[in-house]
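The primary structure of each chain is shown beneath.
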Amino acid sequence: MLQQVNSLLDRVLVGVNVGSLWFARAGGVMILLTVALVTVEVASRVFLGRSAVHATELTGYIMAISASWSFAYTLMCKAHIRIDALYLTFPMKVRGVLDLVALLALAMFSILVVDAVFSVFSDSYSRGSTANTPLGTPLWIPQALWLTGLTWFSFAVSVVSLRAFFGLLSGDTEGVQKLAGSPTLDEQIEEENKEARS
Amino acid sequence: MIITALLILMVLLLMSVPVAATLIALALLLAELFSPFPLINALGDVLWSASDKYLLIAIPLFILLGEILVRTGIARGTYRSLESWMSWLPGGLLHANIGTATLFSATSGSSVATAATIGTVALPQGKEMGYDPKLFTGSIAAGGTLGIMIPPSINLIVYGFLTETSIPQLFAAGLIPGLLLALMFIVGTALICIWKPSLGGPSISHSWGERFSGLKHLVPVLTLFGIVVGSIYAGVATPTEAASLGVLGALMIAAFMGKLSVSVITQALDGTMKTTGMIMLIIIASYFLNFVLASSGVTRELSAFLENAGLGPYSTLMLVILLYIVLGFFIETLSLMVITIPIVAPIIIALGFDPVWLGILIILLIEMALITPPVGLNLYVVQGVRKDGPFSDVMKGAMPYVGIMFLMAIVLVLFPQVATFLPELLR
């Protein structure tokens with residue numbers, strides 16, 4: 001029974017991994033787009049003396065959206081910051097329980113945030129709020145994209161939490177560690193070095 | 001009550017609950033205890049105004065700039081060139097370590113990336129030439145911390161965002177203390193090596209021809225620094241625009257060096273997004289905590305409490321410095337910033353200290369935290385690149401530099417002009 005649940009969740013996790021990576025990459029492309037937008041804006045201001053693309057407003061939205069699209073990827077990389085000074089001194093079993101607590105805290109956090117953000121979005125939509133700027137962007141558009149990222153994040157956290165919970169139930173501490181454990185220093189260093197050397 | 005809240009904060013953090021979740025939990029608890037209004041209703045709006053920020057996009061842009069630089073191998077050339085100019089000093093290569101760190105930090109904005117990059121280039125050479133491993137590794141770890149003081153600095157942007165301080169002012173303020181600290185590192189290293197030559201290694205001298213022909217390797221780094229910092233102070237660009245131009249410049253340099261490919265860009269973007277997610281989640285959480293602290297009046301109560309305790313401005317400041325040093329032993333640096341700044345900065349600023357100056361002081365203390373064990377990220381990074389030898393080598397080697405930083409902190413408190421002189425010139 002547990003075995004079946006776990007293997008089902010594992011299949012879902014594969015999808016979550018892929019989805020999170022592509023959300024993050026789309027966010028990354030938006031960051032590159034920012035470079036283009038802002039460069040055009042600066043050039044236009046210096047050479048033509050006027051603003052060309054309203055980069056200030058657009059990049060603000062891009063910031064909100066691309067950040068929210070990166071949260072799930074950061075989660076799958078186990079890179080959301082936890083203070084592990086004490087954690088690393090505990091035996092595996094205790095660590096597994098702490099990992100689950102950490103995930104549940106993050107799940108609660110993300111669901112609370114999605115709930116709050118949804119009402120911001122629905123208010124903007126029903127009132128037809130527009131930004132107080134030359135572009136007058138209807139705010140619900142960037143807010144919907146922002147909400148999408150946060151919703152995906154809370155979905156990803158929930159799936160990982162479930163998998164960690166059932167993993168602990170079936171006594172698979174190593175699997176939980178791999179999925180959700182705070183990365184040990186060795187892993188982090190390995191990661192940094194890989195980046196520095198490549 | 002406040003004490004209870006702080007205790008809960010510490011317990012949650014030590015249980016390794018993610019910092020972002022801890023900050024929101026603390027914010028909600030404080031709102032419940034101290035505010036007559038249900039501040040939780042503002043959560044969505046506060047988060048949106050924290051996220052939809054033109055200023056903040058400078059953070060992923062500077063991360064991307066660093067990612068591209070790291071992948072182009074610019075560090076190697078920079079190191080060789082500086083080595084030919086600086087290694088005649090007592091301490092030889094140690095000065096090249098610090099010099100490269102100074103130049104690199106001026107473009108990448110990240111301490112860890114700086115330490116990792118320089119470690120990869122310098123360590124094999126130091127080992128080959130028989131340098132004492134302690135001071136050699138220590139100088140790399142310490143040099144790497146300059147990354148968050150010399151502009152552009154992601155940590156200064158975070159401070160500016162949380163305290164609503166002007167980023168160009170902060171960047172201007174970081175320049176002189178950053179360079180002064182680098183100079184103090186160099187003088188300190190030379191003095192140590194004169195006193196005990198065995199701690200360093202052979203000094204090497206190069207011909208002038210070698211030195212001048214090596215200068216071309218400094219061109220990429222100096223160009224990027226010029227683009228980023230120059231465009232801000234020429235009044236052409238905001239920090240965000242300067243960061244964009246910097247990324248464009250880095251892409252062009254990478255293309256010119258034949259290092260630009262789809263896979264390099266993809267890797268750089270993946271790395272950027274991972275770090276962005278990590279930083280942004282705790283920043284927006286911290287922004288909400290900031291909001292709750294300000295609207296519920298907790299900050300005012302804390303200030304009043306300190307005042308009634310009979311602590312003058314300077315004793316309070318000393319207390320804060322002590323707090324950072326102690327917490328810096330245990331808490332990772334970005335978390336340390338976002339947890340403490342919403343509480344500490346308003347109190348210290350209310351006592352009459354300059355917010356720009358305070359930013360530089362806090363950054364200096366954060367730099368110290370990067371190289372104090374047991375949780376000193378740069379120490380581990382250098383040890384990780386090094387692979388062999390005891391970790392205690394790096395720890396011991398970094399100690400003199402911790403001392404120099406402490407000296408610098410005293411200088412900053414006694415002569416605030418070191419930090420405030422340039423920004424006032426620009427004001």
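The structure we're discussing is the one just above.
Residues numbered from 1 in each chain as written. Chains lettered and ligands numbered in written order. Predicted model: local features only at pLDDT ≥ 70, side-chain atom pairs only at ≥ 80, totals over all residues. Heavy atoms only, no water.

Account for the overall build of chain A, with residues named and values stated.
Broken down by element type, chain A carries six helices and zero strands. For chain A, the sequential pattern of α-helices and β-strands runs α-α-α-α-α-α. On the principal axes, the C-alpha backbone points of chain A span a range of 65 × 45 × 30 Å. Within the span of chain A, comprising 198 residues, buried residues form 49% of the whole. Nonlocal contacts in chain A, meaning residues at least 24 apart in sequence, comprise 74% of its contacts between residues at least 6 apart. For chain A, the exposed area adds up to about 9,300 Å²; of that, 67% sits on carbon and sulfur atoms. Positive and negative charge centroids in chain A, built from 13 and 15 side chains respectively, lie 3 Å apart. (Helix = DSSP H or I, 4+ residues; strand = E, 2+ residues; numbered from the N terminus. Buried < 20%, exposed > 50% of the residue type's maximum accessible area, 1.4 Å probe, protein only. Contact = heavy atoms within 4.5 Å. Areas by Shrake-Rupley, 256 points an atom, 1.4 Å probe, with all protein chains shown as cover. Lys, Arg positive; Asp, Glu negative; His and termini not counted. Charge placed at Lys NZ, Arg CZ, Asp CG, Glu CD.)

Tell me about the layout of surface pockets, and please be specific about residues and values.
Residues and elements named next belong to chain B. Within this model, the second largest pocket holds a volume of roughly 720 Å³. Lining the second largest pocket are 22 residues, and of these Ile2, Leu6, Leu302, Leu323 and Ile343 lie nearest its centre. When residues of the lining of the second largest pocket are traced back to their parent elements, those giving at least two are α1 (2-14), α15 (298-308), α16 (313-330) and α17 (333-350). Tallied by class, the residues present in the lining of the second largest pocket amount to 19 nonpolar, two polar and one charged. (1 Å grid on protein atoms, 1.4 Å probe; cavity = no way out; pocket = protein on both sides within 12 Å on 5 of 7 lines; lining within 4 Å. Points joined across faces, edges and corners; volume = space filled by probe spheres on them. Nonpolar A, V, L, I, M, F, W, Y, C, P; charged D, E, K, R; others polar.)

Please provide a residue-by-residue account of the packing of aromatic side chains, values included.
Note on aromatic pairs: each is described by the distance of the centres and the angle between the planes. This model, assessed by the stated rule, comprises 20 aromatic pairs over all chains. One aromatic cluster in this structure is built from Phe23, Trp69, Trp152 and Phe155 of chain A. The ring centre of Trp85 of chain B lies 5.9 Å from the NZ or CZ of Arg211 of chain B, which sits over that ring. (Phe/Tyr/Trp six-rings, centres within 6.5 Å; stacked < 30°, edge-to-face > 60°. Lys NZ or Arg CZ within 6 Å of the ring centre and 35° of its normal.)

Just give me the short version of the environment of Ser231 of chain B, but keep the residues and values in it.
Residues and elements named next belong to chain B. Inspection of the secondary structure puts Ser231 in helix α12 (residues 219-233). Overall, the relative accessible area of 11% leaves Ser231 in the buried class. When neighbours within four sequence positions are excluded, Ser231 is seen to be in contact with Gly226, Val236, Ala237, Ala242 and Leu245. Engagement of the side chain of Ser231 in a polar contact is seen with the backbone oxygen of Val228, the distance being 3.3 Å. (Polar contact = N/O pair within 3.5 Å; in protein donor to acceptor, adjacent residues only side chain to side chain.)

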